[in-house]
Amino acid sequence: DLTYKINGILFKVHNELGGGYQEKIYQSALRREFKNSGIKFTEQVWSNIIYDGTRINSYRLDFIIENK
């Protein structure tokens, strides 16, 4: 159900804006649609990359949705 909602939002944003914008434009549109849909999310979260039990790097995630 959540995946279906997210896919619908992604398609809506893409259909509305089309291609060619910077990532921050799409992120702003997604933020708005997630809020309007009542989907809980956090943005720009740093996550550790673990390999063989050791942190080898970190990565910034655009969104974490519903704590997943």
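Model, not experiment: these values are computed from the prediction.

Participant: Help me get a handle on the overall build of the protein chain, residues and values and all.
Facilitator: Helix and strand counts for the protein chain come out as two helices and two strands. Reading the protein chain from its N terminus to its C terminus gives the helix and strand order α-α-β-β. The globule rule puts the C-alpha radius of gyration for 68 residues at 11 Å, and the 14 Å found for the protein chain is more than 25% above it. C-alpha atoms of the protein chain, sized along the principal axes, occupy 40 × 30 × 15 Å. Scored against the burial criterion, the 68 residues of the protein chain give a buried share of 19%. Across the protein chain, every contact between residues at least 6 apart in sequence was considered, and the portion connecting residues at least 24 apart equals 33%. Only carbon and sulfur atoms are counted for the fraction: they give 50% of the accessible area of the protein chain, which is about 5600 Å². A gap of 5 Å separates the mean positions of the 10 positive and 8 negative side-chain charges of the protein chain.

Participant: Give a description of the packing of helix 1 (residues 2-17) against helix 2 (residues 23-37) that names residues and reports values.
Facilitator: At a closest axis distance of 10 Å, the pairing of helix 1 and helix 2 adopts a crossing angle of 130°. As far as their axial angle goes, helix 2 and helix 1 are oblique. Remark: the crossing between helix 1 and helix 2 carries right-handed chirality. Contacts between helix 1 and helix 2 involve Ile9, Leu10, Lys12, Val13 and Leu17 from the former and Ile25, Tyr26, Ala29, Leu30, Glu33, Phe34 and Ser37 from the latter. Within the contact of helix 1 with helix 2, the residues separate by chemical class into nine nonpolar, one polar and two charged.

Participant: Give a description of the pairing of strand 2 (residues 54-65) that names residues and reports values.
Facilitator: With 10 bridges connecting them, strand 1 (residues 41-51) and strand 2 associate as antiparallel partners. Bridged to Phe41 within strand 2 is Ile65. Hairpin remark: strand 1 followed by strand 2, antiparallel, with two residues in the connecting loop; positive phi at Asp52, about 55°.

Participant: Give me the lowdown on helix 1, citing residues and values where you can.
Facilitator: With 16 residues, helix 1 should reach 22 Å at 1.5 Å per residue; the first-to-last C-alpha distance of 23 Å fits that figure. Within helix 1 the residues assigned to the buried category are Ile6, Ile9 and Val13. Viewed along the axis of helix 1, the buried residues span an arc of 60°, placing them on a single side of the element. Opposite its buried face, helix 1 presents the exposed residues Thr3, Tyr4, Phe11 and Asn15, each directed more than 90 degrees away. Each element contacted by the buried residues of helix 1 is listed here: helix 2 and strand 2. Of the residues trailing helix 1, Gly18 is marked for its positive phi of about 75°.

So, how was this worked out
- Residues numbered from 1 in each chain as written.
- Predicted model: local features only at pLDDT ≥ 70, side-chain atom pairs only at ≥ 80, totals over all residues.
- Heavy atoms only, no water.
- Helix = DSSP H or I, 4+ residues; strand = E, 2+ residues; numbered from the N terminus.
- Rg over C-alpha atoms; globule rule 2.2 N^0.38 Å.
- Buried < 20%, exposed > 50% of the residue type's maximum accessible area, 1.4 Å probe, protein only.
- Contact = heavy atoms within 4.5 Å.
- Areas by Shrake-Rupley, 256 points an atom, 1.4 Å probe, with all protein chains shown as cover.
- Lys, Arg positive; Asp, Glu negative; His and termini not counted.
- Charge placed at Lys NZ, Arg CZ, Asp CG, Glu CD.
- Axes fitted to C-alpha atoms, helices over the stretch in contact; angles between N-to-C directions.
- Parallel < 35°, antiparallel > 145°, perpendicular 65-115°, else oblique.
- Left-handed = near helix turned anticlockwise from the far one by under 90°.
- Nonpolar A, V, L, I, M, F, W, Y, C, P; charged D, E, K, R; others polar.
- Pairing = 2+ DSSP bridges.
- Expected span 1.5 Å × (residues − 1).
- Arc of directions from axis to C-beta.

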